[in-house]
Amino acid sequence: LKVPKEERTDVKVNNFTYIILGLVTAVAMKMTDISFIMSFGGATLGNALIYVYPAIMLKSTVKNLGDDATTAQKLEVHLAMAFAALGIGMGCIGTKQA
């Protein structure tokens, strides 16, 4: 939200917290079936753990190697990021199918 540090008072933070809590409570009162939200959350986390996080970790590791990284490692980063994008795409398709 990019609120300047000097404007972040306890009163504003508390009011923002109350608004978020109120919105979540209102949605919870209207929902009758939470199974979609639970399955969506589980699928999203599983997709991130399988496809996205490993690719990000590999990219960070190869970046930290700097000039010591081999050409094969640099190419592997591109492949891993492609698989991450593919995983995100499959996750979107799965969400649409649900």
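Residues numbered from 1 in each chain as written. Predicted model: local features only at pLDDT ≥ 70, side-chain atom pairs only at ≥ 80, totals over all residues. Heavy atoms only, no water.

J.: Can you break down the overall build of the chain residue by residue, with the values?
T.: Helix and strand content of the chain: three helices and zero strands. When the elements of the chain are put in sequence order from the N terminus, they spell out α-α-α. Against the 2.2 N^0.38 benchmark of 13 Å for 98 residues, the chain shows a C-alpha radius of gyration of 20 Å, more extended than a compact globule. Projecting the C-alpha coordinates of the chain onto the three principal axes gives extents of approximately 55 × 45 × 15 Å. Accessible surface for the chain amounts to roughly 8300 Å². Of this, 68% is attributable to carbon and sulfur atoms. With 9 positive and 7 negative side-chain charges, the chain shows a spacing of 7 Å between the two charge centroids. (Helix = DSSP H or I, 4+ residues; strand = E, 2+ residues; numbered from the N terminus. Rg over C-alpha atoms; globule rule 2.2 N^0.38 Å. Areas by Shrake-Rupley, 256 points an atom, 1.4 Å probe, with all protein chains shown as cover. Lys, Arg positive; Asp, Glu negative; His and termini not counted. Charge placed at Lys NZ, Arg CZ, Asp CG, Glu CD.)

J.: How would you summarise the confidence of the model for the chain if you had to cite specific residues and measurements?
T.: Looking at the chain as a whole, the pLDDT averages 91, with 99% of positions reaching at least 70. Between the elements of the chain, mean pLDDT differs from a low of 91, seen in helix H2 (residues 35-65), to a high of 94, seen in helix H1 (residues 10-30). (pLDDT = per-residue confidence, 0-100.)

J.: Could you give an account of a nonpolar patch on the surface, with specific residues and numbers?
T.: On the surface, Val27, Met31, Ile34, Phe36, Ile37, Met38 and Phe40 cluster together into a nonpolar patch covering about 660 Å² of accessible area. Per-element accounting of the nonpolar patch gives the leading share, four residues, to H2. Structurally, Met31 is set in the loop between H1 and H2. (Patch = residues over 30% accessible without salt bridge, like charges linked within 9 Å, V, L, I, M, F, W, Y side chains within 5 Å. Salt bridge = Lys/Arg side-chain N within 4 Å of Asp/Glu carboxyl O.)

J.: A description of the side chain of Asn47 should follow, citing residues and the corresponding values.
T.: Topologically, Asn47 is positioned in helix H2. For Asn47, a relative accessible area of 15% puts it in the buried group. In this structure, Asn47 is in contact with Val52, Gly87, Ile88 and Gly91, ignoring residues within four places of it in sequence. (Buried < 20%, exposed > 50% of the residue type's maximum accessible area, 1.4 Å probe, protein only. Contact = heavy atoms within 4.5 Å.)

J.: Describe in detail helix H3 (residues 71-97), supporting the description with residues and values.
T.: Taking 1.5 Å per residue as the helical rise, H3 with its 27 residues ought to reach 39 Å, and the 39 Å between its terminal C-alpha atoms agrees with that figure. Every buried residue belonging to H3 is among Val77, Ala80, Ala84 and Gly87, and all of these are buried. Residues of H3 that are buried make contact with H2. (Expected span 1.5 Å × (residues − 1).)

J.: Residue-level account of the packing of H2 against H3, with values.
T.: Relative orientation of the contacting elements H2 and H3 amounts to 165°, with a least axis distance of 9 Å. It follows that H2 is roughly antiparallel to H3 by the angle criterion. Helix-helix and strand crossings are classified by hand; for H2 and H3 the assignment is left-handed. Of the residues contributing to the contact of H2 with H3, the split by class is 14 nonpolar, five polar and three charged. (Axes fitted to C-alpha atoms, helices over the stretch in contact; angles between N-to-C directions. Parallel < 35°, antiparallel > 145°, perpendicular 65-115°, else oblique. Left-handed = near helix turned anticlockwise from the far one by under 90°. Nonpolar A, V, L, I, M, F, W, Y, C, P; charged D, E, K, R; others polar.)

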